[in-house]
Amino acid sequence: MKSHYDLIAIGAGSAGLGVSIAMKRLGFNVLLIDRYDHRIGGDCLNDGCVPSKALIHVSRLIHSAKRSQPFGWKSEGKTDLAAVMQYVRERQDSIRVHENAAYLRETEELDVELGTARFVGKQTIEISGGNGSRVVSAKNIVLCTGSKPKTLNATGIDQVKLYTNETIFSLETLPERLLIVGAGPIGIELCQAFQRMGSQVTVVGAEERILTKELPEVSDLLQKRLTEEGVIVKLNRKVKAFHDANSVELQLENGLTELIEFDAVLVAIGRTFNFDDLNLAAAGIELNDKGQIKLNDYLQTTNEHVFAAGDAAAGLPAGQRYFSHAAELHVATLITNFITPGQVLDKKLSYDHFSWVTFTDPEVVTFGLSEYDLKTRKISYERIDYDFAHDDRAVIEDYEYARLILFTEPTGINPFSTKILGGTMIAPNAGELAQELILAVQQKLTAGDFFNKIYPYPTASRVNKSIWVDHISDNLPGVVRKAVKWFY
Ligand SMILES: Cc1cc2nc3c(=O)[nH]c(=O)nc-3n(C[C@H](O)[C@H](O)[C@H](O)COP(=O)(O)OP(=O)(O)OC[C@H]3O[C@@H](n4cnc5c(N)ncnc54)[C@H](O)[C@@H]3O)c2cc1C
Ligand SMILES: NC(=O)c1ccc[n+]([C@@H]2O[C@H](COP(=O)([O-])OP(=O)(O)OC[C@H]3O[C@@H](n4cnc5c(N)ncnc54)[C@H](O)[C@@H]3O)[C@@H](O)[C@H]2O)c1
């Protein structure tokens, strides 16, 4: 192995794998470092996207089986959580076949070192692991060290068996009463999955609603659905103290307290970082007052040779996004800037076309500019709402709580030329349905492009046209109505 590289990536999660494989394929000498072989794939493969979506998949099967009872099917029994987790592990292992050191060395011809990386200079790193330590250097280094769960501090917490996303997928027996602290994406996706598998789940959120990054009406619709399925949602509350291994006292905003009993606790209250081992000061890499790496719009740290990507890039001026595909966007931006000549051509990181999906049932997808972005940037916009109640597919499949909300340019004299700026959809498979809307935002497609498309009947994505049919019918200028009558 070499001791000097064109690029070193520290961390082999979504960001590290992305940047190292792409740069190697472009012909550069690249070193990828992670602590252990079994951590390659990072959070997404090991404790995040993959296991959570596999678990959600099984919980949907169980839910569907229960819902088939009115049609004569009898499905009884209890969830065998060990079997569920075996399924989850098998899915992870299938992906691990191409996310491991031997595969990357052989197939991608990447140099991969297993050990903990620590800066010993501005462009120099010491790697210590099972095989001792060695020092390597590079023209550029990308920090892809990800994030970890924030810890919950409360009196009496030592008596309680706490789970986080790093341990919950090792559970072998289904807790009868599961308490989830945190009503963000992790808490909300997993609360529905565990409730469907048979636990009695209580979710405690510190804020006034679940999924606070979504529109309030979307949070409310989803909360209604979760409550109907039996999840107990308790908001505006914080954990005050654990009385014993099975009970917790919650602090309400009005000063009162409330006691809840549980058999297991999952903590999902946000993320913090893996910077402790990195000795960032040795490389002149500064943190901001939130403990995030200080970055400019080009993902560059206060050391011009060191960049950050993925969850580790939460200190970007554009804001924090903890998603695997945010890591993809960071990597694409970095590589574009690495290989284009001159800094003036460098691309700034922007989330204007970003989107994300919360994999509940119904799913929630949010894309483009939010209402908050539009207001703070003083961009004129209109909001169009579409309730799926009259959509045939929604009626056929008994969707409940499905809605599409678009933020568009103000409708001008020609409503067909209106463009979408952003939006949200809550519906079964919303993450898939909204893909053409996301493309429309990015490619600046117009209402007319949807209006003129003939959608096979009764595909669910017809809603992407129906919203425009209603909107254009309501906004056709009087002069156009007069003209068409005259032509007729
Ligand atoms: C439960 C859950 C569900 C999620 N679901 C989704 C989803 O559906 N869709 C989505 O887009 N995102 C999802 N996410 C978020 C997604 O998992 C993360 O945004 C993504 O994995 C971050 O990738 P990363 O490369 O930045 O970091 P990580 O994947 O955390 O990788 C960092 C790597 O760096 C290594 N490392 C750290 N420090 C050092 C060091 N000093 N030396 C060597 N190696 C080091 C670690 O071992 C690790 O492998 C989910 C997250 C969770 C927790
Ligand atoms: N489908 C997806 O893409 C997906 C799924 C899961 C997670 N993720 C990513 O992982 C990240 C982390 O998820 P998360 O849910 O842990 O974090 P989060 O920061 O998004 O949400 C945590 C929630 O916990 C609340 N909270 C904080 N302290 C609390 C306390 N003491 N008591 C009760 N509530 C408290 C916060 O107010 C917040 O609403 C997310 O930002 C998301 O980007 C993505």
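Analysis parameters
Residues numbered from 1 in each chain as written. Chains lettered and ligands numbered in written order. Predicted model: local features only at pLDDT ≥ 70, side-chain atom pairs only at ≥ 80, totals over all residues. Heavy atoms only, no water. Helix = DSSP H or I, 4+ residues; strand = E, 2+ residues; numbered from the N terminus. Buried < 20%, exposed > 50% of the residue type's maximum accessible area, 1.4 Å probe, protein only. Expected span 1.5 Å × (residues − 1). Contact = heavy atoms within 4.5 Å. Patch = residues over 30% accessible without salt bridge, like charges linked within 9 Å, V, L, I, M, F, W, Y side chains within 5 Å. Areas by Shrake-Rupley, 256 points an atom, 1.4 Å probe, with all protein chains shown as cover. Salt bridge = Lys/Arg side-chain N within 4 Å of Asp/Glu carboxyl O. Near = heavy atom within 4 Å. Polar contact = N/O pair within 3.5 Å; in protein donor to acceptor, adjacent residues only side chain to side chain. Nonpolar A, V, L, I, M, F, W, Y, C, P; charged D, E, K, R; others polar. UniProt positions renumbered as here; feature names shortened; annotations may be inferred. Disulfide = S-S within 2.5 Å. Domains from an automatic or database assignment. Pairing = 2+ DSSP bridges. Axes fitted to C-alpha atoms, helices over the stretch in contact; angles between N-to-C directions.

Colleague: For this particular structure, what's the right way to read unusual backbone geometry?
Modeller: Across residues other than glycine, the phi torsion is negative in most instances, and most of the peptide bonds are trans. Cis peptide bonds are those with omega within 30 degrees of zero, and the linkage from aspartate 361 to proline 362 qualifies with 0 degrees. Positionally, proline 362 belongs in the loop between β18 (355-358) and β19 (363-368). A cis amide bond links tyrosine 457 with the next residue in sequence, proline 458, at an omega value of -5 degrees. Structurally, proline 458 is set in the loop between α13 (447-451) and α14 (463-475). For leucine 299, which is not glycine, the phi dihedral falls at a positive 65 degrees. Structurally, leucine 299 is set in the loop between β16 (271-273) and β17 (306-308). For leucine 299, a relative accessible area of 0% translates into the label buried. The phi dihedral of asparagine 429 is positive, around 55 degrees, even though this residue is not glycine.

Colleague: Honestly, helix α3 (residues 49-67) in this entry has me stumped. Any pointers?
Modeller: Each α-helix winds once per 3.6 residues, and so residues spaced three or four apart point in a common direction. Its 19 residues place the ends of α3 26 Å apart at the C-alpha level, agreeing with the 27 Å of an ideal helix rising 1.5 Å per residue. For α3, every residue scored as buried is listed here: Val50, Pro51, Ser52, Ala54, Leu55, Ile56, Val58, Ser59 and His63. Where α3 is buried, its residues meet α2 (42-46), α4 (81-96), α6 (185-197) and α7 (216-228).

Colleague: Which parts of the structure should I look at to understand a nonpolar patch on the surface?
Modeller: Together, Val479, Val480 and Val484 give the surface a local cluster of nonpolar side chains, amounting to about 240 Å² of exposed area. Mapping valine 480 onto the fold places it in helix α15 (residues 478-487). Judged by relative accessible area, which is 33%, valine 480 ranks as partly exposed.

Colleague: What should I look at first to understand the site of ligand 1 in this one?
Modeller: Around ligand 1 sit 35 residues in total, of which Asp34, Asp43, Lys53, Asp311 and Ser324 are the nearest. Within the contact set of ligand 1, an oxygen atom lies 3.2 Å away from a backbone nitrogen or oxygen of arginine 39. Here an oxygen atom of ligand 1 sits 2.9 Å away from a polar atom, N or O, in the main chain of serine 324. Across the complex, the protein chains shield 93% of the 1000 Å² of accessible surface that ligand 1 would expose by itself. Of all elements in the fold, only α1 (14-25), α2, α3, β4 (116-119) and α8 (324-339) reach the threshold of two or more residues within the shell around ligand 1. Looking at side-chain class alone, the shell around ligand 1 contains 12 nonpolar, 15 polar and eight charged residues.

Colleague: When you look at the UniProt feature "binding site: FAD" (unreviewed entry) in the protein in this model, what are you seeing that I'm missing?
Modeller: UniProt's entry tags Lys53, Thr145, Gly146, Ser147 and Asp311 with the feature "binding site: FAD" (unreviewed entry), counted in the numbering of this structure. Locating lysine 53 in the fold gives a position in helix α3. Relative accessible area serves as the criterion here: at 28%, lysine 53 is assigned to the partly exposed category. Residues in contact with lysine 53, not counting those within four places in the same chain, are Glu189 and Phe359. Here threonine 145 is to be found in the loop between β6 (132-143) and β7 (147-149). According to the relative accessible area criterion, threonine 145 is buried, its value standing at 16%. Among all residues touching threonine 145, those that are not within four sequence positions of it are Ile10, Asn274, Phe275, Leu278 and Ala312.

Colleague: I'm lost on the state of the cysteines in this one. Help?
Modeller: Two cysteines whose sulfur atoms are joined by a covalent bond form what is called a disulfide. In the structure shown here, the tally under the stated rule is zero disulfides. No disulfide involves cysteine 144; its sulfur sits 14 Å from that of cysteine 44, the nearest cysteine.

Colleague: Could you clarify how one ought to interpret the site of ligand 2 in this entry?
Modeller: If you check the shell around ligand 2, you find 23 residues, and the closest are Glu189, Glu207, Gly270, Tyr322 and Val357. One of the side-chain nitrogen or oxygen atoms of lysine 213 is found 3.1 Å away from an oxygen atom of ligand 2. One of the backbone N or O atoms of glycine 270 is found 3.0 Å from an oxygen atom in ligand 2. Across the complex, the protein chains shield 81% of the 840 Å² of accessible surface that ligand 2 would expose by itself. Residue assignment for the shell around ligand 2 shows that the elements contributing at least two residues are α6 and β18. Here the residues of the shell around ligand 2 are counted per class, giving 13 nonpolar, five polar and five charged.

Colleague: Looking at this model, I keep getting lost on α1. Mind explaining?
Modeller: Under the 1.5 Å per step criterion, the end-to-end length of α1 is 16 Å for 12 residues, consistent within 8% with the ideal 16 Å. For α1, the complete set of buried residues consists of Ala15, Gly16, Leu17, Val19, Ser20, Ile21 and Met23. Packing partners of the buried residues in α1 comprise β1 (4-10), β2 (30-34), α5 (101-107), β6 and α8. In the segment just after α1, glycine 27 is the residue with positive phi, at about 105 degrees.

Colleague: Is there a simple way to think about the pattern of salt bridges in this case?
Modeller: If charged atoms from side chains of opposite charge come close, those side chains can pair. The final tally for this structure, using the stated rule, is 28 salt bridges. One salt bridge connects aspartate 111 with lysine 2, and the closest N-O pair in it is separated by 3.8 Å. In this pair, aspartate 111 sits in strand β3 (residues 111-114) while lysine 2 sits in the segment before β1, placing the two residues 109 residues apart along the sequence. When its relative accessible area of 36% is taken as the criterion, lysine 2 is described as partly exposed. Its salt-bridge partner being glutamate 258, residue lysine 234 comes within 2.7 Å of it at the nearest N-O pair. You can see lysine 234 sitting in strand β11 (residues 232-234) and its partner glutamate 258 sitting in strand β14 (residues 257-261), a full 24 residues away along the chain. Of the two residues, lysine 234 and glutamate 258, neither departs from the other in class, the shared state being buried. Connected through salt bridges with shared partners, the residues Arg39, Asp43, Asp47 and Arg271 form a single ionic network.

Colleague: Would you take a moment to explain the domain arrangement of the protein for this structure?
Modeller: A common way to express how large an interface is: the accessible area buried when the components associate. With domains assigned, the protein is organised as domain 1 (4-41 + 99-147 + 273-345), domain 2 (157-269) and domain 3 (355-483). Here the C-alpha centre of domain 3 lies 38 Å away from the C-alpha centre of domain 1.

Colleague: Would you mind showing me how to read the sheet that holds strand β21 (residues 403-408) here?
Modeller: Strands in a sheet are paired, the pairing made by backbone hydrogen bonds, and the direction either parallel or antiparallel. One open sheet holds the five strands; their spatial order is β18-β19-β22-β21-β20, and the pairing between them is antiparallel. Two strands lie at the open edges of the sheet, namely β18 and β20 (382-387), each paired on one side alone. Going from strand to strand, the sheet's axes swing by 10 degrees on average, the running direction of each strand aside. Both β19 and strand β22 (residues 420-427) contribute to a ladder of six bridges, which runs antiparallel. Bridge pairing in β22 links phenylalanine 367 to glycine 423. Packed onto the sheet, α14 meets β20, β21 and β22 and runs at close to 120 degrees relative to β20.

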